[in-house]
Amino acid sequence: MINNMRDLGGTKTKDGKSIRKNMLVRSAHLGRASKEDLVGIAAVIDLRTPGERQEIPNQFHHCAYYPVPIFTRLTAGISHEEKANSLGIPDMRWLYRKLVSECHEAFANVLRIILSHDFGKGAILWHCTEGKDRCGLTTAMVLELLGVERKTIMEDYLKTNIVNMPKAIAMRQQYLSYDKEMADMLYRAYIADASYLEEAWEEMGNDYFEAKIQLDENLLEKFRDKLLEM
């Protein structure tokens, strides 16, 4: 079983094209993935820290595997190692700004792998632990590079709450009686909130892909040609 998993196929671009189905997949971790769950998946990008990978090893089932951590240090609120729980939870909007400003080289590496993937072999899947923050930002970037409107990107990002909202509410209720501040912080850490992605976009500005990511234009055009259809 894979949580928070969805195919980006069918998503519409600004010019009326659609992303081909069974090409781009995003999800939470693959620690409980069965062989059947990964049918059609040719490659997996693991965005988690080495500690997270050790605590919850992926089930690969012969997929090509790319461990590309967006960051390698413990980061409470985003990474999910047990030790991270003792660090305190910072403001999520601040964290999203830090992710795009300080981890752009890692995002660039991930995007190059996605753009260079041989889709003739099957889909490529990327994931973090919950499929919310690192995975959510990667997905937002891929969709924007394909020409999807930000309104549509936001709608996809918020779909994570279908899975995470019940967990967030339960976590808040667990702590509410004796530490309301912690309860509220945990709730905010588990949900996908529009303000988080909006903060990332504001930090990215208008030239993030050109100034920070610096993807090869020919590679990007070939990627669009392979992934988009009328």
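Up top you'll find the structure we're talking about.
None of the values given here were measured: they were computed from a predicted structure.

Reading guide: rules and limits
- Residues numbered from 1 in each chain as written.
- Predicted model: local features only at pLDDT ≥ 70, side-chain atom pairs only at ≥ 80, totals over all residues.
- Heavy atoms only, no water.
- Patch = residues over 30% accessible without salt bridge, like charges linked within 9 Å, V, L, I, M, F, W, Y side chains within 5 Å.
- Areas by Shrake-Rupley, 256 points an atom, 1.4 Å probe, with all protein chains shown as cover.
- Salt bridge = Lys/Arg side-chain N within 4 Å of Asp/Glu carboxyl O.
- Lys, Arg positive; Asp, Glu negative; His and termini not counted.
- Charge placed at Lys NZ, Arg CZ, Asp CG, Glu CD.
- Helix = DSSP H or I, 4+ residues; strand = E, 2+ residues; numbered from the N terminus.
- Buried < 20%, exposed > 50% of the residue type's maximum accessible area, 1.4 Å probe, protein only.
- Pairing = 2+ DSSP bridges.

Novice: Can you explain a negative patch on the surface? Please cite residues and give values.
Specialist: On the surface, a cluster of negative charge is contributed by Asp 207, Glu 210, Asp 216 and Glu 217. One can find Asp 207 in the loop between helix H8 (194-204) and helix H9 (208-213).

Novice: Give a detailed account of the pattern of salt bridges, specifying residues and quantitative values.
Specialist: One pass over the full model with this rule turns up 15 salt bridges. We note a salt bridge from Arg 134 to Glu 52, for which the minimum N-O separation is 2.8 Å. Here Glu 52 lies in helix H1 (residues 50-55) and Arg 134 lies in helix H4 (residues 134-145), a separation of 82 residues in the sequence. The same class applies to Arg 134 as to Glu 52, namely buried. Glu 221 is the partner of Arg 224 in a salt bridge, and the nearest nitrogen-oxygen pair spans 2.8 Å. Of this pair, Arg 224 and Glu 221 are both found in helix H10 (residues 217-227), 3 residues apart, which corresponds to roughly one turn of the helix. Judged by relative accessible area, Glu 221 falls into the partly exposed class, the value being 37%. A single network of salt bridges, built from pairs that share partners, joins Arg 97, Glu 199, Glu 202 and Glu 203.

Novice: A description of unusual backbone geometry should follow, citing residues and the corresponding values.
Specialist: With a phi close to 55 degrees, Asn 4 is a non-glycine residue in the positive phi region. Mapped onto the elements, Asn 4 comes out in the segment before strand E1 (6-7).

Novice: Go over the pairing of strand E6 (residues 123-127) with me, naming the residues and quoting the values.
Specialist: Taken across its 5 residues, E6 has 5 buried, putting it largely inside the fold. Neither face of E6 is open: one carries Ala 123, Leu 125 and His 127, the other Ile 124 and Trp 126, and all of them are buried. Here strand E3 (residues 24-27) runs beside E6; their pairing, made up of 4 bridges, is parallel. From the neighbouring strand, Val 25 faces E6, where its bridge partner is Leu 125. The sheet contact formed by strand E4 (residues 41-46) and E6 spans 5 bridges and is parallel. In the sheet register, Ala 43 faces E6, and the bridge partner there is Ile 124.

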